[in-house]
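Examination of the molecular architecture
One-letter residues, chain by chain:
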Amino acid sequence: MMFMLVMVHGSIKEYNRMDCCNKEQAKQIADRLMKKAGGDLNDLDVSIQEDSLSFMIKYSLRDTMSLGGGGYFRVSKEDCRVMEEALYQ
């Protein structure tokens, strides 16, 4: 019984130590998701906007005449959770 209490307390302590998400972390997460979807980051322009709750990262093609698409990711400032995701073709 005592061991179980220590484990729960340790988990709560770990959660409370989580830092807020910054712009660089949000971009790294979005970059990883864009690459996973098959996007070549060298062919894309990136713009980052933010509001009080999140970062909005938008990828658009540098060459508008080329085939392919971009993407949009909204990442929470509180915990770096992806709140919204869209891929364009």
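Here's what I pulled together on the structure shown here. This one's a predicted model, so the numbers in the text were calculated from it and none came from an experiment.

Comments concerning the packing of aromatic side chains
Two descriptors summarise a pair of aromatic rings, namely the distance from one centre to the other and the angle between the planes of the rings. The full count for this structure, using the stated rule, is one aromatic pair. Ring geometry for Tyr 59 against Phe 73: centres 5.9 Å apart, planes inclined by 80°, an arrangement best described as edge-to-face. One end of the pair, Tyr 59, is in strand β2 (residues 54–61); the other, Phe 73, is in strand β3 (residues 71–76), and 14 residues separate them in sequence. The pair Tyr 59 / Phe 73 is uniform in exposure class, with both members buried.

Focus on the state of the cysteines
Scanning the entire structure with this criterion turns up one disulfide. Two residues, Cys 21 and Cys 80, share a disulfide whose sulfurs are 1.9 Å apart. The S-S bond linking Cys 21 to Cys 80 shows a torsion near 90°; that makes this disulfide right-handed. Of this pair, Cys 21 sits in the loop between α1 (2–16) and α2 (23–36) while Cys 80 is found in the loop between β3 and β4 (82–87), placing the two residues 59 residues apart along the sequence. Residue classification places Cys 21 among the buried positions, given a relative accessible area of 7%. There is no disulfide at Cys 20, and the cysteine sulfur nearest it, in Cys 21, is 8.6 Å away.

Quick word on α2
For α2, spanning 14 residues, the distance from its first C-alpha to its last is 20 Å, which sits close to the expected 20 Å at 1.5 Å a residue. By the burial criterion, the buried members of α2 are Ala 26, Ile 29, Ala 30, Asp 31 and Met 34. In this structure, the buried side of α2 is in contact with β1 (44–50), β2, β3 and β4. The distance from a side-chain oxygen at the start of α2 to the backbone nitrogen of Glu 24 is 3.1 Å, and the residue carrying that oxygen is Asn 22. Looking one or two places after α2, you find Gly 38, whose phi comes out positive at around 100°.

Some points on the side chain of Ser 54
Following the sequence through the fold, Ser 54 ends up in strand β2. Among the polar contacts listed, one links the side chain of Ser 54 to the side chain of Arg 74, at a separation of 3.0 Å. In this structure Ser 54 touches Gln 49, Arg 74, Val 75, Ser 76, Lys 77 and Met 83, once residues within four positions along its chain are discounted.

Points about the environment of Gln 49
Note on placement: Gln 49 falls in strand β1. Taking relative accessible area as the criterion, Gln 49 reaches 57% and is therefore assigned exposed. Look past the residues within four positions of Gln 49 in its chain and what remains in contact with it is Ser 54, Phe 55 and Met 56.

As for the nonpolar core
Counting residues in hydrophobic clusters, the biggest one holds twelve residues: Cys 21, Ala 26, Ile 29, Ala 30, Met 34, Leu 44, Phe 55, Ile 57, Tyr 59, Phe 73, Val 75 and Cys 80. Here this core gets four residues from one element, more than from any other, and that element is α2. If sequence neighbours within four positions are ignored, Ala 30 has contacts with Ile 57, Tyr 59 and Phe 73.

Cut-off values and rules
- Residues numbered from 1 in each chain as written.
- Predicted model: local features only at pLDDT ≥ 70, side-chain atom pairs only at ≥ 80, totals over all residues.
- Heavy atoms only, no water.
- Phe/Tyr/Trp six-rings, centres within 6.5 Å; stacked < 30°, edge-to-face > 60°.
- Helix = DSSP H or I, 4+ residues; strand = E, 2+ residues; numbered from the N terminus.
- Buried < 20%, exposed > 50% of the residue type's maximum accessible area, 1.4 Å probe, protein only.
- Disulfide = S-S within 2.5 Å.
- Expected span 1.5 Å × (residues − 1).
- Contact = heavy atoms within 4.5 Å.
- Polar contact = N/O pair within 3.5 Å; in protein donor to acceptor, adjacent residues only side chain to side chain.
- Core = buried A, V, L, I, M, F, W, Y, C linked by side-chain atoms within 4.5 Å.

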